[in-house]
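Residue-level structural notes
Below are the chains, spelled out letter by letter.
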Amino acid sequence: MLIGYIIYAAWNRYDSVTEDCRKMKALKKRAEAADVAKSQFLATVSHEIRTPMNGVLGMLDMLLDTELKSTQRDFAQTAQICGKALISLINEVLDRAKIEAGKLELESVPFDLRSILDEVVSLFSSKSREKGIELAVYVSERVPEILLGDPGRFRQIITNLVGNSIKFTERGHIFVQVHLADHSNLATEPKVESVANGINGHIDETSVVSTSVSHNTLSGFEAADSRNSWENFKALLSYDTNDMAYGSDSENVTLVVSVEDTGIGIPIHAQGRVFMPFMQADSSTSRNYGGTGIGLSISKCLVELMSGQINFVSRPNVGSTFTFTAVLQRCERNAINVSKSALLHPLPSSFQGLSTLLVDKRPVRATITEYHLQRLGIASKSVRTIEQALSVLLGRNGTSLPRKQLSMLLVESDSWGLKMDVPLRTRFLEMKQNGCESVFPQVILLSLADSDKMKAEYGVDSVITKPLKASTLAACLFQSLGISITQANNEKKHHGPDSLYGLLLGKNILVVDDNKVNLRVAAGTLKKYGAKVECVESGKDALELLQVPHKFDLCLMDIQMPEMDGFEATRQIRAIEAKAHEQTDNADNSEAGSAAKKAQWHLPVLAMTADVIQATHEECTKYGMDGYVSKPFEEKQLFKAVQKFLGPSTSS
């Protein structure tokens, strides 16, 4: 009986475990089906939303190219900004869905990190000026000029962090720094223990109030993280100028990026859930500042995909400093092929050999200005007061900048001062009377305020409106110094936005889309750059025009169309080309052979879709497509997509 009971119990247990396994498998299938259904739902919804938004933004872009009154232009630009904000919100939600599904992958292309940061500064320059906030970027000299990685995702992380800082900061500054990890650790290691900060952003309440905080910052306001003090910043600068080896043999580069602001900070009770999706500090945050609360969670996921970590130090009513690491790869400029060179943005070289004298009472801000001047090849020396600047101009104090080479005197507006206004003008007048006009430098004011108003108020030669970035600084200096811009124009012609015009000029392009508004938008955009465009509304109509031989150089194909979608149309296009190749191979005589050379057809087909989840490179390649552009597409995206097919190295 005992043996029988044991066998009976074991069998019942076996049946129970088997039934549990069956239920688990069934639940697993249901969960996987639900995940697929969710992804398909998001893809469909995003397509349905982005398709009309493509028409809205495209028509607004075409409207802004027409002659409008100032009020009309303001209305159109405001509508365009709101539309782009909606597209950005859709992208964030879709990014979160792709991350959860494990389908988000990073690309690896060469890019210029400093240009990426300049673009972020441009994005927020208007808002920072409106609030009167100092917005600045500094990249260590030790950071390689060209890196291999995903520039779009790196830009997305920086944009999320700076966007939050702009949103929650009403006075003071926002300062972005990029250093090598080894040097950053060396410079900040002694003070790390003074701030109890966890990797997920938790902070000990005892460290909220700092007893010794340096106000020698970018704006003069107190910063949350004492590790970003001027003393540590000077230590990092000393590593930049030191000639010792720093591991240049390694292919990987670990960057440390910090975004410091002097905003409202994060309440202590909310700091533990900062990186949770759709979570904000409290209800008043979303009510007063807006936002969805998923930007930081997406940034955390992207940082981890880059083999890095993100943390922060925040003190209420003082500010926040977010710091993250990212592992990228080195890339030599001479190793970049022609097709990828368009991703780089070279600066003009017309300023090589010039020198300037900078007057700025804040050393951190002066260092940032010198960083941008150095990028343009301009030697600089900084002093704290205008009296010291006058001594340098008169040849005192042993300056290293020869008077004959001194081209500019840059003065920060808050370093000018009412007391110094009259003595400076008087001294300049004395210098002119003493025959020093030939070495008299251009006086340029650096200010956050309106340039015309400041120029009239201070009586200077020119005003450069901050925040600073290399390209706008170069444009202002071209105008102020009267330097020939022929070289800059030539460089723009090859590397700037006009290069898209050079690619599309005279090219025959077929656009296939069942939405008439999207057809008008795509045709208008392509014609603006000199292309010859034909539009059809179905895949069947496209097949009739693409019978070999045809005249088209490129085809933009919508994916979701009735009767015949873009994938099926592309498959049949490749079948037509394959049939033409077979007929060519069977040709015997020389006349047919010459025709064979003309019959090696392969029309580049790019998927034109608003479905940003399904429109992956692998999906397009499976059906014979050469790539894709997501709607609404912009100039840079379009250039990147068509450059390898219509570039100068591509044979007709």
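- As recorded by an unreviewed UniProt entry, the protein chain carries the name histidine kinase and is attributed to Triticum urartu.
- According to the UniProt record, the Function (unreviewed entry) comment for the protein chain reads "Cytokinin receptor related to bacterial two-component regulators. Functions as a histidine kinase and transmits the stress signal to a downstream MAPK cascade."
- Here is the UniProt Catalytic activity (unreviewed entry) comment for the protein chain, exactly as written: "ATP + protein L-histidine = ADP + protein N-phospho-L-histidine."

**A closer look at the packing of aromatic side chains**
- In this structure the tally under the stated criterion is eleven aromatic pairs.
- Taking 5.3 Å as the distance between ring centres and 85° as the angle between the ring planes, the aromatic pair formed by Tyr-138 and Phe-233 counts as edge-to-face. Taken together, the residues span a long stretch of sequence, with Tyr-138 in strand β2 (residues 134-139) and Phe-233 in helix α6 (residues 230-241) at a distance of 95 residues. Here Tyr-138 and Phe-233 have matching classes, each one buried.
- Ring pairs connect the aromatic residues Tyr-138, Phe-175, Phe-233 and Tyr-371, which therefore count as one cluster.

**Description of the sheet that holds strand β17 (residues 627-630)**
- Taken in spatial order, the five strands line up as β14-β13-β15-β16-β17 in an open sheet, and their pairing is parallel. Looking along the sheet, the strands with just one partner apiece sit at the ends: β14 (532-536) and β17. Mean inter-strand twist for the sheet, computed between neighbouring axes without regard to direction, equals 25°.
- Strand direction decides the pairing type here: strand β13 (residues 508-512) and β14, joined by five bridges, are parallel. The residue bridging Asn-508 from the neighbouring strand is Lys-532, located in β14.
- Strands in contact with helix α17 (residues 516-528) are β13, β14, β15 (554-558) and β16 (605-609); relative to β14, the strand with the most contacts, it is inclined by about 170°.
- Strands β15 and β16 of the sheet are contacted by helix α19 (residues 566-585), whose axis makes an angle of about 145° with β15.

**Some words on empty space enclosed by the protein**
- As enumerated under the stated definition, the model contains three cavities of 30 Å³ or more in all.
- Within this model, the largest cavity holds a volume of roughly 70 Å³.
- Residue lining of the largest cavity: Glu-134, Leu-135, Ala-136, Leu-218, Arg-365, Ile-368, Thr-369, Glu-412, Lys-466 and Leu-468, and that is the complete set.
- Looking at the lining of the largest cavity, the elements that each hand over two or more residues are β2 and α9 (363-375).
- If you add up the space inside the second largest cavity, you get close to 50 Å³.
- As for the second largest cavity, its lining consists of His-173, Phe-175, Gln-177, Asn-216, Thr-217, Leu-218, Asn-228, Ser-229, Trp-230, Phe-233, Glu-260 and Val-364.
- Tallying contributions element by element places strand β4 (residues 173-180) first for the lining of the second largest cavity, with three residues.
- Classifying every residue of the lining of the second largest cavity gives five nonpolar, six polar and one charged.

**Details of the packing of helix α4 (residues 151-168) against helix α8 (residues 295-305)**
- Following both chains from N to C, one finds α4 and α8 inclined at 145°, their axes separated by 9 Å at the closest point. α4 and α8 meet at a crossing whose hand is left-handed. Residues Arg-153, Gln-156, Ile-157, Asn-160, Leu-161 and Asn-164 of α4 touch α8, and the partners they reach there are Gly-295, Leu-296, Ile-298, Ser-299, Leu-302 and Val-303.
- A class-by-class count of the residues in the contact of α4 with α8 yields six nonpolar, five polar and one charged.

**Section: the nonpolar core**
- Judged by nonpolar contacts, the single largest core of 56 residues is most densely connected at Leu-113, Phe-154, Val-162, Leu-255 and Phe-324.
- Grouped together as the second largest cluster of nonpolar side chains are 23 residues, Leu-500, Leu-526, Tyr-529 and Phe-645 included.

**Points about the environment of Ser-258**
- Looking at where Ser-258 falls in the secondary structure, it is placed in strand β5 (residues 252-261).
- Assessed through its relative accessible area of 7%, Ser-258 is described here as buried.
- Sequence-wise, Ser-258 and Gln-177 are 81 residues apart; in three dimensions their C-alpha atoms are separated by 5.3 Å.
- Residues within four places of Ser-258 in sequence aside, it is in contact with Phe-175, Val-176, Gln-177, Asn-228, Thr-321, Phe-322 and Thr-323.

**Things to note about a negative patch on the surface**
- A grouping of Asp-514, Glu-537, Asp-541 and Glu-544 is seen on the molecular surface, where their side chains present a negatively charged patch.
- Here Asp-541 lies in helix α18 (residues 539-545).

**Some remarks on the environment of Asp-35**
- Within the secondary structure layout, Asp-35 lies in helix α1 (residues 2-64).
- On the basis of relative accessible area, Asp-35 is assigned to the partly exposed category, the value being 29%.
- A C-alpha to C-alpha distance of 9.4 Å links Asp-35 and Glu-100, two positions 65 residues apart in sequence.

**Some remarks on a nonpolar patch on the surface**
- Together, Phe-41, Val-45, Ile-49, Leu-86, Leu-89 and Val-93 line one region of the surface with nonpolar side chains, adding up to about 440 Å² of accessible area.
- Looking at the nonpolar patch, the elements with two or more residues in it are α1 and α2 (70-101).
- By secondary structure assignment, the location of Phe-41 is in helix α1.

**Some remarks on the UniProt feature "modified residue: 4-aspartylphosphate" (unreviewed entry) in the protein chain**
- The positions that UniProt labels "modified residue: 4-aspartylphosphate" (unreviewed entry) are, in the present scheme, Asp-558.
- Of note, Asp-558 is situated in strand β15.
- Judged by relative accessible area, Asp-558 falls into the buried class, the value being 1%.
- Discounting chain neighbours no more than four positions away, the residues touching Asp-558 are Val-512, Asp-513, Asp-514, Gly-566, Met-608, Thr-609 and Lys-631.

Conventions we followed
Residues numbered from 1 in each chain as written. Predicted model: local features only at pLDDT ≥ 70, side-chain atom pairs only at ≥ 80, totals over all residues. Heavy atoms only, no water. UniProt positions renumbered as here; feature names shortened; annotations may be inferred. Phe/Tyr/Trp six-rings, centres within 6.5 Å; stacked < 30°, edge-to-face > 60°. Helix = DSSP H or I, 4+ residues; strand = E, 2+ residues; numbered from the N terminus. Buried < 20%, exposed > 50% of the residue type's maximum accessible area, 1.4 Å probe, protein only. Pairing = 2+ DSSP bridges. Axes fitted to C-alpha atoms, helices over the stretch in contact; angles between N-to-C directions. Contact = heavy atoms within 4.5 Å. 1 Å grid on protein atoms, 1.4 Å probe; cavity = no way out; pocket = protein on both sides within 12 Å on 5 of 7 lines; lining within 4 Å. Points joined across faces, edges and corners; volume = space filled by probe spheres on them. Nonpolar A, V, L, I, M, F, W, Y, C, P; charged D, E, K, R; others polar. Left-handed = near helix turned anticlockwise from the far one by under 90°. Core = buried A, V, L, I, M, F, W, Y, C linked by side-chain atoms within 4.5 Å. Patch = residues over 30% accessible without salt bridge, like charges linked within 9 Å, V, L, I, M, F, W, Y side chains within 5 Å. Areas by Shrake-Rupley, 256 points an atom, 1.4 Å probe, with all protein chains shown as cover. Salt bridge = Lys/Arg side-chain N within 4 Å of Asp/Glu carboxyl O. Lys, Arg positive; Asp, Glu negative; His and termini not counted. Charge placed at Lys NZ, Arg CZ, Asp CG, Glu CD.

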